[in-house]
Amino acid sequence: SAVISQKPSRDICQRGTSLTIQCQVDSQVTMMFWYRQQPGQSLTLIATANQGSEATYESGFVIDKFPISRPNLTFSTLTVSNMSPEDSSIYLCSGWRETQYFGPGTRLLVL
Amino acid sequence: GQNIDQPTEMTATEGAIVQINCTYQTSGFNGLFWYQQHAGEAPTFLSYNVLDGLEEKGRFSSFLSRSKGYSYLLLKELQMKDSASYLCAVRDRRNSGGYQKVTFGTGTKLQVIP
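First things first, this report covers the structure right here in the doc. The shown structure was predicted, so the numbers you read here are calculated from the model rather than taken from an experiment. Chains are numbered independently. Their residues run from 1 in the order of the written sequence. Here the convention is simple: chains get letters from A, ligands get numbers from 1, in the order in which they are written. Predicted model: local features are reported for residues with pLDDT of at least 70 only, side-chain atom pairs are reported and counted for 80 or more only, and whole-chain, interface and lining totals are derived from all residues. Only hydrogens and water are set aside; all other atoms, that is, all heavy atoms of the structure, feed into the side-chain values.

## Concerning the nonpolar core
Where we set the bar: We define the nonpolar core as a collection of buried residues of types Ala, Val, Leu, Ile, Met, Phe, Trp, Tyr and Cys that are connected through side-chain atoms lying within 4.5 Å of one another. Accessibility here uses a 1.4 Å probe with only protein chains present; expressed as a share of the type maximum, an area under 20% marks a residue as buried, one over 50% as exposed, and anything in between as partly exposed. Every helix listed is a DSSP run of H or I at least four residues long, and every strand listed is a run of E at least two residues long, numbered separately from the N terminus. What makes two residues a contact is simply this: any of their non-hydrogen atoms within 4.5 Å.
Ranked by internal contacts, the top residues of the largest apolar core, which has 26 residues, are W34, I46, F66, I68, L78, Y91 and L108 of chain A. For this core, the secondary-structure elements that each account for two or more residues are β3 (19-25), β4 (31-37), β5 (43-49), β8 (75-80), β9 (89-97) and β11 (106-110) of chain A. Those residues within four positions of I68 of chain A in sequence are excluded, and the remaining contacts are W34, A47, A49, A55, Y57, S76, T77 and L78 of chain A. Among the nonpolar cores identified, the runner-up in size contains 21 residues, and L32, W34, A84 and C88 of chain B belong to it.

## Description of unusual backbone geometry
All names here are of chain A. For the bond running from K7 to P8, omega is -10°, close enough to zero to count as cis. Position of P8 among the secondary structure elements: in the loop between β1 (4-7) and β2 (10-13). Backbone geometry at N82 places phi at a positive 45°, although glycine is not the residue there. Mapping N82 onto the fold places it in the loop between β8 and β9. By relative accessible area, which is 54% here, N82 ends up exposed.

## Some details on the pattern of salt bridges
Residue and element names in this part refer to chain B. Let me state the cut-off plainly: In what follows, salt bridge is the name for a side-chain nitrogen of Lys or Arg lying within 4 Å of a carboxyl oxygen of Asp or Glu.
In this structure the tally under the stated criterion is four salt bridges over all chains. In this structure, R66 engages D52 in a salt bridge whose closest nitrogen and oxygen atoms are separated by 3.0 Å. Remark: D52 occurs in the loop between β5 (44-49) and β6 (53-57) and R66 occurs in the loop between β7 (60-65) and β8 (70-75); sequence separation between them is 14 residues. By relative accessible area, which is 42% here, D52 ends up partly exposed. Notably, a salt bridge pairs K76 with E56, separated by 3.5 Å at the nearest N-O pair. Note that K76 is positioned in the loop between β8 and β9 (84-93) and E56 in strand β6, a separation of 20 residues in sequence.

## Structural notes on the packing of aromatic side chains
Basically, it comes down to this: Geometry of aromatic contacts follows a simple scheme: Phe, Tyr and Trp rings, the Trp one being its six-membered ring, pair when their centres are within 6.5 Å, and the pair is stacked under 30 degrees between planes, edge-to-face over 60, tilted otherwise.
A complete count under the given rule lists 17 aromatic pairs over all chains for this structure. Centroid distance F102 of chain A to F104 of chain B: 5.8 Å. Interplanar angle 70°. Geometry classified as edge-to-face. Taken together, the positions of F102 of chain A in strand β10 (residues 99-102) and F104 of chain B in strand β10 (residues 100-104) put the pair across two chains. The two residues F102 of chain A and F104 of chain B agree in class, both being buried. With a centroid separation of 6.1 Å and an interplanar angle of 55°, the aromatic rings of Y70 of chain B and Y72 of chain B are classed as tilted. Classification of Y72 of chain B by relative accessible area gives buried; the value is 16%.

Structure follows, in structure tokens:
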């Protein structure tokens, strides 16, 4: 199995600011993903974090709004830029190695 | 694209059996997951089916029929702690590069009552 940690676990931010979420896996994973889960909803894939190259974004998500880095096989960051209240959500990091594992999530509230 | 359908809510009695269905439409199907998610927590892996048939794991079993685009999760001897959302997720290949993408359904909120 893989153990995934995220920082911060939660934050309250002002609109117009940016927040960077860190994801650390305890061992190498083949792929890393970022999901968003809004209250009472299921998970929506934001992007796949690719090591050493630009992330692959899903429809409706763009790099300017959600820049992602993945400098190595165990670490990734997601930035939520120029935040608005609509960005209030839980952001989940996920890693793939034989199956898919999830981090505990980052609860973001934008005022 | 993908279309994944599962019931929004279900209620079942402690000690009973409940079946949660999931239907999907996708190209390049490469497996189906079931996850359990308690309120305020991250999803936890329950099962992964690639081939047709029933996979049993303790009180939980998962079934897949690829020709019908259908899966179910069967929970036996229900316990109060089984109250959670159950997410069906489908893995497929992108058209280019063989990349594997996992898409989640909206989840089924199961309430177990005494």
